[in-house]
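Each chain, letter by letter, is given below.
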Amino acid sequence: GELNTASGDYSSISGGSNNQAIGAVSYCSGGNKNEALGSFSSTIGGDSNIVSGEFSSAIGGQMNEAIGDYTSVTGGKNNHAGAYNNTDTIGKYSSVSGGENNLATGNSSSVSGGEYNIASGDYSSITGGNMGAASGKDSSVSGGSGNVA
């Protein structure tokens, strides 16, 4: 690789370019301009992904963020697992699996693809579709367009 920085205690980088492993025990493998900021965080491939949550990961894709602790984003573009809330983060244990412009901000929430979906309720889920919103606790949206639960 080239132009990579592993500055966190026990952090490492294998390949890629312009990657940063800043969190303690963080790891970047390949890709370009990825950042592993949280402790025990990781990025694998992709471009311009940011992992700031502890024990979180981003695998592939572009401009994805794993913000909450124990979150993951797998592929897609501009997806977010967790969010910033004043000086804290929300969306612990959330995940986004592909798609574009999806948000999983409820604790233990998930979005499985699609675009412009928001799973903000705790334990909520959206399985694809477009512009869906699962804002109630334990709510789910199974695809379609503009559906709300």
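Computed from a predicted structure; not experimentally measured.

## A short note on the sheet that holds strand β14 (residues 95–97)
Across a sheet, paired strands are connected by hydrogen bonds in the backbone, their directions being either parallel or antiparallel.
Turning to step 1, where the next piece is worked out: Strand order across the open sheet formed by 9 strands is β2-β4-β6-β8-β10-β14-β16-β18-β20, with parallel pairing between neighbours. Looking at the sheet topology across the chains shown, the edges are occupied by β2 (12–14) and β20 (140–141).
Turning to step 2, where the next piece is worked out: Pairing between strand β10 (residues 72–74) and β14: 3 bridges, direction parallel. Bridge pairing in β14 links Thr74 to Ser97.

## Comments concerning the nonpolar core
Turning to step 1, where the next piece is worked out: Of all hydrophobic cores here, the largest spans 7 residues; its members are Val96, Ala104, Val111, Ala119, Ile126, Ala134 and Val141.
Turning to step 2, where the next piece is worked out: Every residue in contact with Val111, bar those within four places of it in the chain, is listed here: Ser95, Val96, Ser97, Asn102, Leu103, Ala104, Asn117, Ala119 and Ile126.
Turning to step 3, where the next piece is worked out: In terms of nonpolar packing, the next biggest core, distinct from the first, is built from 5 residues, Ala58, Ala66, Val73 and Ala81 among them.

## Side note on a nonpolar patch on the surface
Turning to step 1, where the next piece is worked out: Taken together, the side chains of Tyr10, Val25, Phe40, Phe55, Tyr70 and Tyr93 define a hydrophobic patch exposed on the protein surface, amounting to about 680 Å² of accessible area.
Turning to step 2, where the next piece is worked out: With respect to the helices, strands and loops of the structure, Tyr93 is situated in the loop between β13 (88–90) and β14.
Turning to step 3, where the next piece is worked out: Judged by its relative accessible area of 47%, Tyr93 falls in the partly exposed class.

## Quick notes on the side chain of Asn34
Turning to step 1, where the next piece is worked out: Looking at the element boundaries, Asn34 is found in the loop between β4 (27–29) and β5 (35–36).
Turning to step 2, where the next piece is worked out: Given a relative accessible area of 0%, Asn34 falls into the buried group.
Turning to step 3, where the next piece is worked out: Among the polar contacts made by the side chain of Asn34, one reaches the main-chain carbonyl oxygen of Gly46 at a distance of 3.2 Å.
Turning to step 4, where the next piece is worked out: In this view, Asn34 contacts Asn18, Asn19, Gln20, Cys28, Thr43, Gly45, Gly46, Asp47, Ser48 and Asn49; residues no more than four positions away in its chain are not counted.

## Comments concerning unusual backbone geometry
Turning to step 1, where the next piece is worked out: Positive phi, normally seen in glycine, also occurs at Val25, with a value near 55 degrees.
Turning to step 2, where the next piece is worked out: Here Val25 is to be found in the loop between β3 (20–21) and β4.
Turning to step 3, where the next piece is worked out: Positive phi, close to 65 degrees, is recorded for Tyr123, a residue that is not glycine.
Turning to step 4, where the next piece is worked out: Tracing the chain through its elements places Tyr123 in the loop between β17 (118–119) and β18 (125–126).
Turning to step 5, where the next piece is worked out: Tyr123 gets classed as partly exposed once you look at its relative accessible area, which sits at 47%.

Parameters at a glance
- Residues numbered from 1 in each chain as written.
- Predicted model: local features only at pLDDT ≥ 70, side-chain atom pairs only at ≥ 80, totals over all residues.
- Heavy atoms only, no water.
- Pairing = 2+ DSSP bridges.
- Helix = DSSP H or I, 4+ residues; strand = E, 2+ residues; numbered from the N terminus.
- Core = buried A, V, L, I, M, F, W, Y, C linked by side-chain atoms within 4.5 Å.
- Buried < 20%, exposed > 50% of the residue type's maximum accessible area, 1.4 Å probe, protein only.
- Contact = heavy atoms within 4.5 Å.
- Patch = residues over 30% accessible without salt bridge, like charges linked within 9 Å, V, L, I, M, F, W, Y side chains within 5 Å.
- Areas by Shrake-Rupley, 256 points an atom, 1.4 Å probe, with all protein chains shown as cover.
- Salt bridge = Lys/Arg side-chain N within 4 Å of Asp/Glu carboxyl O.
- Polar contact = N/O pair within 3.5 Å; in protein donor to acceptor, adjacent residues only side chain to side chain.

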